[in-house]
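Summary of the model geometry
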Amino acid sequence: MPSHLFADRPAPQPPERGVVESLITRTRRLRGDVDAVRRDTVADEHNTQWRWQRALCDLAVHQLDDLGAHLGQLKNGLPGDETESPSTEAGAVPTDDGSGSLLSRVGSAEWNLLTDEVTWSPELYEIFGRRPEKGPMTLDELPSVMVAEDQSLLQTLVTECLVDGRPIDSEFRIVRTDRRVRTLHMMGEPVLDSDGCTASMWAVLRDVSELRRSRRALHESGDSLRRQERSARTEQRLVVELQEAVLPSWRGSLQSPQSEPGTLDLAGHYLPPAGGGLVGGDWFDALKLPDGNTLLTVGDLTGHGVTAASTMAMLLGALRGMAVAGVEPGALMGHLNQLLDTADQPALGSAVCCRYRAETRTLVWAQAGHPAPLLFRDGTGRALTPLDGVLLGATSGAAYEQAEIQLLPGDLLVLHTGRLTDRAGVDRLLALGPRLTGARDAQDCVRTVAEEFGETGREDDACVLVARIGPES
């Protein structure tokens, strides 16, 4: 119903038919595009990001549906269209929400204060779920169908409109005859007579229940997404703190006294995932043992976050303790496998464990489903012959093969987690042989590897540990 502040004010001229039809066409096309985006979104009910995107698309579709319906009503109201049924209008998009067509979601009413006459449009009866033969409701009767909490609001709005001449622009909830609660948006104004006195009140009422439901879903999913992001940031911070607490505290090279034969120049580096991805359970470690030997190890656990980091801390602590106690790498892997197999948090892990004996320049090592150490000598690199050894935690009672290799002064060992070479393969790492063997020290070697494999596209974390055998004393 057109807004009119004065009863004797001429009605505004309706828009041209072509303009309205063009708007209807554009709205319908845009609605189809948004709906296509909604359909193409990969469904994942457990993904908060997907639920937020879905809610946003639903809200956009509802708003475009309403816009199409309003334009359809505008077109039907043009001269010469009296015989065209709103229910068949191409600009109106039907809905299956149980509230009837979209056109039934907007209705109008006028309450005449001089004659007590009340006029409702057919759509308003549908909105209220009221049979037309019962007639329209007066302003005094309206609160009887409203939710109790909203009754005083409507009374205040009507009083301010009729007494103070304030326009109405607010929402309230009604309970239909079928006991369904609907949210209505009411816009209304007083109609003044020629003397400036209030003669009647007109209003347009719109059922915005589905729109509000979509907005609530959008708000709730947005809140959930923000909570999830805060939780992820907190978890990430805890994981990093835990990782920093258990990984080697030394930075740069860890060198044995140069007077010792077969001295080791050591350096390690952790490569985090690109884009702030979740930190996993990768580790590296080098530890001088009481018997003069040196422990070298790298490993990786499945999973990410606090669980993976805490399991890594447990495993690395056990590994250090057994190495200090003199347990050889093969037997040590068997104990780690049993520990992981019986842990409360199921996980799989891979690892390589080496024990370097400086006095003889020999390396005793074992592996558990992990890439073998790489040996670089005279500018050429090769992987040590793989040994038998299943993933840690894969099966109970697994045995792990152990081997011993003789090293020479100037040899370079590179231990790395499998994720370092996921994309390029070990060949790319071996191709660095001339640069690594010609590097000044182990730290320069690590820096070379980090520059080569620390690209921004890395999806997971990785570790590398470099050990260079010093010259003969």
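Structure first, text after, so check above.
All values derive from a computational prediction rather than experimental measurement. (Residues numbered from 1 in each chain as written. Predicted model: local features only at pLDDT ≥ 70, side-chain atom pairs only at ≥ 80, totals over all residues. Heavy atoms only, no water.)

1. With respect to the environment of leucine 289
Basically, it comes down to this: Helix and strand labels come from DSSP, where a helix needs a run of H or I of at least four residues and a strand needs a run of E of at least two; each type is numbered from the N terminus. In this analysis, two residues are considered to be in contact whenever any of their non-hydrogen atoms come within 4.5 Å of each other.
Position of leucine 289 relative to the elements: it lies in the loop between β8 (283-288) and β9 (294-301). For the pair leucine 289 and alanine 325, spaced 36 residues apart in sequence, the C-alpha separation works out to 8.8 Å. Among residues more than four places away in sequence, those in contact with leucine 289 are Thr294, Leu295, Ala323, Val324 and Arg355.

2. Quick look at the nonpolar core
Quick note on the threshold: As used in this record, nonpolar core signifies buried Ala, Val, Leu, Ile, Met, Phe, Trp, Tyr and Cys residues forming a set joined through side-chain atoms within 4.5 Å. Note on classification: 1.4 Å probe, protein chains only; a residue is buried when its accessible area is under 20% of the maximum for its type, exposed when over 50%, partly exposed between these limits.
Ranked by size, the top nonpolar core spans 52 residues in total, and within it Trp283, Leu296, Met333 and Leu392 carry the most contacts. Broken down by element, the residue count for this core peaks at seven residues, all from helix α6 (residues 305-324). Setting aside its immediate chain neighbours within four residues, leucine 296 contacts Leu266, Asp285, Ala286, Val352, Cys353, Cys354, Leu363, Leu415, Leu465 and Ala467. Counting 25 residues, the second largest nonpolar core, distinct from the first, contains Met137, Met146, Leu154 and Phe172.

3. Side note on unusual backbone geometry
Its identity is not glycine, yet arginine 361 carries a phi of approximately 50 degrees, on the positive side. With respect to the helices and strands, the residue arginine 361 is situated in the loop between β10 (349-357) and β11 (362-368). Judged by relative accessible area, which is 14%, arginine 361 ranks as buried. Positive phi, close to 55 degrees, is recorded for aspartate 378, a residue that is not glycine. By secondary structure assignment, the location of aspartate 378 is in the loop between β12 (374-377) and β13 (380-383). Its relative accessible area of 76% is what places aspartate 378 among the exposed residues.

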